[in-house]
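Summary of the model geometry
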Amino acid sequence: MYMTVIMIFISILAVMGTLKNKRSGNKPGLLIGGAFTALTVAITLIAIYDEIVGLQ
């Protein structure tokens, strides 16, 4: 449960960082940060699904 909450916070911070890179025009940071953000959000969604439904 606690790890899922931490992953949600990390995902929010990753999205904020990616949007900041986009606003500042940092193309390499946007690409690298965007890839990191996509993977982090995907893992977070899997963790949330596991908390709600429970994988067996």
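Structure first, text after, so check above.
Let me begin by describing the structure that accompanies this report.

Cut-offs used in this document
Residues numbered from 1 in each chain as written. Predicted model: local features only at pLDDT ≥ 70, side-chain atom pairs only at ≥ 80, totals over all residues. Heavy atoms only, no water. Helix = DSSP H or I, 4+ residues; strand = E, 2+ residues; numbered from the N terminus. Patch = residues over 30% accessible without salt bridge, like charges linked within 9 Å, V, L, I, M, F, W, Y side chains within 5 Å. Areas by Shrake-Rupley, 256 points an atom, 1.4 Å probe, with all protein chains shown as cover. Salt bridge = Lys/Arg side-chain N within 4 Å of Asp/Glu carboxyl O. Axes fitted to C-alpha atoms, helices over the stretch in contact; angles between N-to-C directions. Parallel < 35°, antiparallel > 145°, perpendicular 65-115°, else oblique. Left-handed = near helix turned anticlockwise from the far one by under 90°. Nonpolar A, V, L, I, M, F, W, Y, C, P; charged D, E, K, R; others polar. Contact = heavy atoms within 4.5 Å. Expected span 1.5 Å × (residues − 1). Buried < 20%, exposed > 50% of the residue type's maximum accessible area, 1.4 Å probe, protein only.

Considering the environment of Ala47
Along the chain, Ala47 turns up in helix α2 (residues 27-52). Separated by 46 residues in sequence, Ala47 and Met1 have C-alpha atoms that sit 9.1 Å apart.

Considerations on a nonpolar patch on the surface
A surface patch of nonpolar side chains, about 890 Å² in accessible area, is lined by Met1, Tyr2, Val5, Ile8, Phe9, Ile12, Leu13 and Met16. Residue position: Phe9 is located in helix α1 (residues 2-24).

A look at the packing of α1 against α2
Here α1 crosses α2 at 155 degrees, and the two axes come no closer than 9 Å. On the basis of the axis angle, α1 is roughly antiparallel to α2. Of the two possible hands of crossing, α1 and α2 adopt the one that is left-handed. Classifying every residue of the contact of α1 with α2 gives 11 nonpolar, 10 polar and 2 charged.

Let's talk about the environment of Ser11
Its place among the elements puts Ser11 in helix α1. Along the primary structure Ser11 and Ala42 are separated by 31 residues, whereas in three dimensions their C-alpha atoms are 9.3 Å apart. Those residues in contact with Ser11 that lie beyond four places of it in its chain are Thr40, Val41 and Thr44.

Quick look at α2
For α2, spanning 26 residues, the distance from its first C-alpha to its last is 37 Å, which sits close to the expected 38 Å at 1.5 Å a residue. Taken residue by residue, α2 has Gly29, Gly33, Thr37, Thr40 and Thr44 as its buried positions. Close packing links the buried residues of α2 with α1. Phi turns positive one or two residues past the end of α2, at Gly54, with a value near 90 degrees.

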